[in-house]
Amino acid sequence: MKSTDFKKIIKEAVREAIQEELKDILLEAVKSPKQVVRESYSPPAQSSQPAYAPPSIDFRSKYAEVLGETAMSFTSQDVQVPFRPQSSDPVNGNLGTGEVGMDQIMNLLNTK
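The model shown is predicted, which means the values in this text are computed figures rather than measured ones. (Residues numbered from 1 in each chain as written. Predicted model: local features only at pLDDT ≥ 70, side-chain atom pairs only at ≥ 80, totals over all residues. Heavy atoms only, no water.)

This structure, assessed with the given rule, holds one salt bridge. Note that E20 is salt-bridged to K23, the shortest N-O span being 4.0 Å. Here the residue E20 and the residue K23 both occupy positions in helix α1 (residues 3-31), the gap between them amounting to three residues, near one helical turn. The class for E20 is partly exposed, based on a relative accessible area of 44%. (Salt bridge = Lys/Arg side-chain N within 4 Å of Asp/Glu carboxyl O. Helix = DSSP H or I, 4+ residues; strand = E, 2+ residues; numbered from the N terminus. Buried < 20%, exposed > 50% of the residue type's maximum accessible area, 1.4 Å probe, protein only.)

With respect to the helices and strands, the residue Q104 is situated in helix α3 (residues 102-110). If we skip the residues at most four places from it in the chain, Q104 touches Q80, V81 and E99. (Contact = heavy atoms within 4.5 Å.)

Here the focus is a positive patch on the surface. Taken together, the side chains of K7, K8, K11 and R15 make up a positively charged region of the molecular surface. With respect to the helices, strands and loops of the structure, K11 is situated in helix α1. (Patch = residues over 30% accessible without salt bridge, like charges linked within 9 Å, V, L, I, M, F, W, Y side chains within 5 Å. Areas by Shrake-Rupley, 256 points an atom, 1.4 Å probe, with all protein chains shown as cover. Lys, Arg positive; Asp, Glu negative; His and termini not counted. Charge placed at Lys NZ, Arg CZ, Asp CG, Glu CD.)

Moving on, we come to a nonpolar patch on the surface. Taken together, the side chains of M1, F6, I9, I10, V14, I18, L22 and I25 define a hydrophobic patch exposed on the protein surface, amounting to about 840 Å² of accessible area. Here I18 lies in helix α1. With a relative accessible area of 46%, I18 lands in the partly exposed category.

Written out as structure tokens, the structure reads:
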């Protein structure tokens, strides 16, 4: 017997078994006593207060206060020596030449 013939026989046997089971289930459902199921849905009662209450603290103003204390704004007018970009190659270790004096750094920090 070839495998295709064997597969066909198995498929037919499985189909018949499933059909018999379905018949039994349907007959049992028809013969069982019937109960009326009533479903009702009532939406939950609306509460007087909203589900989300915003916090009493104004976080936006608190955050702005913190930024105002620590934020510094520098412009090109704060620099004493003009910037002259040079070629740099960080892969090979050349970050370019340049010097910044400690007095320049302190002047930038003290301008605020």
